[in-house]
Amino acid sequence: QVQLVESGGGLVQAGGSLRLSCAASGRTFSNYRMGWFRQAPGKEREFVATISWSGGSTYYADSVKGRFTISRDNAKNTVYLQMNSLKPEDTAVYYCAATTVVAVTTRSTRYDYWGQGTQVTVSS
């Protein structure tokens, strides 16, 4: 089992920045590929970004490419999502997730463990 706890969400104006953190506990964190997903009201959960176990490979949704950066610190068992140039359409609950799948995967069903989510609200 892996327990994931997100933090860092909040209210920010359009054009602002936030950094989300996801702290993991339980099994060896570096064994897992990590991902960030988000879900806006009335919409399906969507992929945001993913990072390999080593941190050497990242992949982003087109909607956030160039604005968001995913990173991880295996010594601290934490994955981060730096969000810059935020837009109102980025408003959602953001979830981190862990998977043992090695290859890049954007499908939420391939992720085994999930955090409880953190709210991000971007005002116009």
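First things first, this report covers the structure right here in the doc. (Residues numbered from 1 in each chain as written. Predicted model: local features only at pLDDT ≥ 70, side-chain atom pairs only at ≥ 80, totals over all residues. Heavy atoms only, no water.)

## As for the pattern of salt bridges
Then, in step 1: Tallied over the full model, the rule gives four salt bridges.
Then, in step 2: The salt bridge partner of arginine 38 is glutamate 46, with a shortest N-O separation of 2.6 Å.
Then, in step 3: When the shortest N-O distance is used, the salt bridge between aspartate 90 and arginine 38 registers 2.9 Å. Placement of the pair is aspartate 90 in the loop between β8 (78-83) and β9 (92-99) and arginine 38 in strand β4 (residues 33-39), with a sequence separation of 52 residues.
Then, in step 4: Each of Arg38, Glu46, Arg67 and Asp90 takes part in salt bridges that share partners, so that together they form one network. (Salt bridge = Lys/Arg side-chain N within 4 Å of Asp/Glu carboxyl O. Helix = DSSP H or I, 4+ residues; strand = E, 2+ residues; numbered from the N terminus.)

## Regarding the environment of serine 30
Then, in step 1: Within the element layout of this structure, serine 30 appears in the loop between β3 (18-26) and β4.
Then, in step 2: Owing to a relative accessible area of 25%, serine 30 belongs among the partly exposed residues under this scheme.
Then, in step 3: Between the C-alpha atom of serine 30 and that of arginine 110, which follows or precedes it by 80 residues, the distance is 17 Å. (Buried < 20%, exposed > 50% of the residue type's maximum accessible area, 1.4 Å probe, protein only.)

## Describing the state of the cysteines
Then, in step 1: A complete count under the given rule lists one disulfide for this structure.
Then, in step 2: The disulfide bridge from cysteine 22 ends at cysteine 96, spanning 1.9 Å between sulfur atoms. On the S-S bond that ties cysteine 22 to cysteine 96, the torsion sits near 45 degrees, and the link is right-handed. Placement of cysteine 22 in strand β3 and of cysteine 96 in strand β9 is noted, with a sequence separation of 74 residues between them. Across the pair, exposure class does not vary: cysteine 22 and cysteine 96 are buried alike. (Disulfide = S-S within 2.5 Å.)

## Description of the nonpolar core
Then, in step 1: Counting residues in each nonpolar core, the largest one holds 35 residues, and the members touching the most others are Leu4, Met34, Trp36, Leu81, Met83 and Tyr94.
Then, in step 2: If you list the elements that add at least two residues to this core, you get β1 (2-7), β3, β4, β5 (46-51), β7 (68-73), β8, β9 and β11 (118-123).
Then, in step 3: The element contributing the most residues to this core is β9, with five residues. (Core = buried A, V, L, I, M, F, W, Y, C linked by side-chain atoms within 4.5 Å.)

## Digging into the sheet that holds β8
Sheet strands line up and pair through hydrogen bonds in the backbone, either parallel or antiparallel.
Then, in step 1: An order of β1-β3-β8-β7 is seen for the four strands of this open sheet, with the pairing classed as antiparallel. Strands with a single pairing partner mark the edges of an open sheet, and in this sheet they are β1 and β7. Each adjacent strand pair in this sheet contributes to an overall mean axis angle of 15 degrees, direction not counted.
Then, in step 2: With six bridges joining them, β1 and β3 adopt antiparallel strand pairing. Paired with valine 5 across the two strands is alanine 23, which belongs to β3. (Pairing = 2+ DSSP bridges. Axes fitted to C-alpha atoms, helices over the stretch in contact; angles between N-to-C directions.)

## Considerations on the pairing of β4
Then, in step 1: For β4, the buried fraction is high: six of the seven residues fall into the buried class.
Then, in step 2: Bridge analysis of β4 against β9 gives seven bridges, and the strand direction is antiparallel. Its bridge partner lying in β9, phenylalanine 37 is registered against tyrosine 95.
Then, in step 3: Of the pairings in the sheet, the one linking β4 to β5 comprises five bridges and is antiparallel in character. The partner of methionine 34 across the bridge, within β5, is isoleucine 51.
Then, in step 4: Linking β4 back to β5 in an antiparallel pair, the connection comprises six residues, with glycine 42 at a positive phi of about 75 degrees.

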